[in-house]
Amino acid sequence: MAFTLPELPYAYNALEPHIDEETMKIHHDKHHQAYVTNLNNAIEGKPEASKTLEELVAVAGTLPKPVRNNAGGHWNHSFFWEILSANGGAPSGALADDINATFGSLDALKEQLNAKAAGQFGSGWGWLIVNKDGKLEITSTPNQDNPLMDVAEVKGTPLIGIDVWEHAYYLKYQNKRPDYLKAIWNVINWNKVAEHYAKAKG
Ligand code: MN
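Residues numbered from 1 in each chain as written. Predicted model: local features only at pLDDT ≥ 70, side-chain atom pairs only at ≥ 80, totals over all residues. Heavy atoms only, no water.

Undergrad: How do you make sense of the domain arrangement of the protein chain when you look at a structure like this?
TA: Note on interface size: it is often stated as the accessible area lost on association of the parts. What the domain assignment lists for the protein chain is domain 1 (21–82) and domain 2 (93–201). The straight-line distance from the C-alpha centre of domain 1 to that of domain 2 is 20 Å. Contact with domain 1, which involves 22 residues of that partner, is made by 24 residues of domain 2. When the area that domain 1 buries against domain 2 is broken down by residue, the three leading residues are Asn 76, Phe 79 and Phe 80, summing to 30%. The tally of links between domain 1 and domain 2 comes to two salt bridges. For Asp 145, the salt bridge goes to Arg 68, with nearest N and O atoms at 2.8 Å. Linking domain 1 to domain 2 there are 12 residue pairs in polar contact (both at pLDDT 80 or more). (Domains from an automatic or database assignment. Contact = heavy atoms within 4.5 Å. Buried area = accessible area lost by both parts, 1.4 Å probe. Salt bridge = Lys/Arg side-chain N within 4 Å of Asp/Glu carboxyl O. Polar contact = N/O pair within 3.5 Å; in protein donor to acceptor, adjacent residues only side chain to side chain.)

Undergrad: Any chance you could explain the packing of aromatic side chains here in plain terms?
TA: Here the distance between the centres and the angle between the planes together describe a pair of aromatic rings. If you walk through the whole model with that rule in mind, you get eight aromatic pairs. The interplanar angle of 50° and the centroid separation of 6.2 Å between the aromatic rings of Phe 79 and Trp 127 together place this pair among those described as tilted. Highlighted residues: Phe 79 in helix H3 (residues 65–82) and Trp 127 in strand E1 (residues 124–131), separated in sequence by 48 residues. The pair formed by Phe 79 and Trp 127 is uniform in burial state, with each residue classed as buried. Judged by centre distance (5.5 Å) and plane angle (50°), the rings of Phe 80 and Trp 81 are tilted. Among the residues examined, Phe 80 registers a relative accessible area of 1% and is labelled buried. With a relative accessible area of 1%, Trp 81 lands in the buried category. Every member of this aromatic cluster is reached through a ring pair, and the members are Trp 75, Phe 79, Phe 80, Trp 81, Trp 125 and Trp 127. The side chain of Lys 172 reaches across the aromatic face of Tyr 173, ending 5.7 Å from its centre. (Phe/Tyr/Trp six-rings, centres within 6.5 Å; stacked < 30°, edge-to-face > 60°. Helix = DSSP H or I, 4+ residues; strand = E, 2+ residues; numbered from the N terminus. Buried < 20%, exposed > 50% of the residue type's maximum accessible area, 1.4 Å probe, protein only. Lys NZ or Arg CZ within 6 Å of the ring centre and 35° of its normal.)

Undergrad: Is there a simple way to think about the side chain of Ser 140 in this case?
TA: Positionally, Ser 140 belongs in strand E2 (residues 136–142). Looking at Ser 140, its side chain comes within polar contact range of the side chain of Gln 120, at 2.9 Å.

Undergrad: Before we go on, may I ask you to explain helix H8 (residues 190–201) in this structure?
TA: An α-helix turns once per 3.6 residues; consequently, residues spaced three or four apart project the same way. The end-to-end C-alpha separation of H8 is 16 Å, in line with the 16 Å expected for 12 residues at 1.5 Å each. For H8, the complete set of buried residues consists of Trp 190, Lys 192, Val 193, His 196 and Tyr 197. The buried residues of H8 occupy an angular sector of 160° when the element is viewed end-on, so they sit on one face. Structural note: H8 exposes Asn 191 and Lys 199 on the side pointing more than 90 degrees away from its buried face. (Expected span 1.5 Å × (residues − 1). Arc of directions from axis to C-beta.)

Undergrad: It is not clear to me how the packing of helix H4 (residues 93–103) against helix H5 (residues 106–119) should be interpreted in this structure. Could you clarify?
TA: The packing of two helices is summarised by the inter-axis angle and the distance between the axes. Contact geometry for H4 and H5: axes closest at 8 Å, N-to-C directions at 65°. If you check the angle between H4 and H5, you find them roughly perpendicular. Relative to H5, the crossing made by H4 is left-handed. Taking contact as the criterion, the partners of Ile 99, Asn 100 and Phe 103 in H4 are, on H5, Leu 106, Ala 108, Leu 109 and Gln 112. Each residue belonging to the contact of H4 with H5 can be placed in one class, and the counts come to five nonpolar, two polar and no charged. (Axes fitted to C-alpha atoms, helices over the stretch in contact; angles between N-to-C directions. Parallel < 35°, antiparallel > 145°, perpendicular 65-115°, else oblique. Left-handed = near helix turned anticlockwise from the far one by under 90°. Nonpolar A, V, L, I, M, F, W, Y, C, P; charged D, E, K, R; others polar.)

Undergrad: Looking at this model, I keep getting lost on the coordination of the manganese ion. Mind explaining?
TA: For a metal bound by four donors in tetrahedral geometry, the ideal donor-metal-donor angle is 109.5 degrees, whereas six donors in octahedral geometry ideally sit at 90 or 180 degrees. Protein coordination at the manganese ion comes from His 27 (NE2), His 77 (NE2), Asp 163 (OD) and His 167 (NE2), with a distance range of 1.9 to 2.1 Å. In the primary structure, the donors to the manganese ion are separated according to the pattern H-x49-H-x85-D-x3-H. Within this pair, whereas His 27 is found in helix H1 (residues 21–43), its partner Asp 163 is found in strand E3 (residues 156–163), the two being separated by 136 residues in sequence. For the pair His 27 and Asp 163, a shared accessibility class is recorded, and that class is buried. (Donors = N, O, S within 2.8 Å, 3.2 Å for Na, K, Ca; no water.)

Take a look at the structure:
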């Protein structure tokens, strides 16, 4: 079964002014679509074609590079759209308590995640995860890798993933990755993050 591009769960302009409409259109319709198309082309007629996206990601290190990169790209972007929202709210309950206990405050979490994501050399992703010990941890991955992959330096279940490829911010923010990282906290979907947290802790 071929993989398909999921619909954005909101309008292209929903995240304005923090993430602009033009960026969202190109990012979703062109970049994410390309990962899906290239993934389908890379697995056509191969044993990988019978695997789910999660199964592919879990064994990324054993896959041919085009399958690893495009499966990661498809998983990461599908995840990314869902953890963004125009009305994201704030963390509450057990997640808020854990953030405060682990990082000291929500602001401290933002600072540390932004520093990690800003420091990711070249293209990649910044992540907040629940690690193998059940603890919140900040990490980053290069290219389209993610913390679910067997090849990840720091493994765990993603709660937040922030795309720091230039295609995610360059039209509006040009070279100013830190400005994009500051702005994106205005559109984090904390309900979705809490869902991921509950599942990871469950
Ligand atoms: Mn991207």
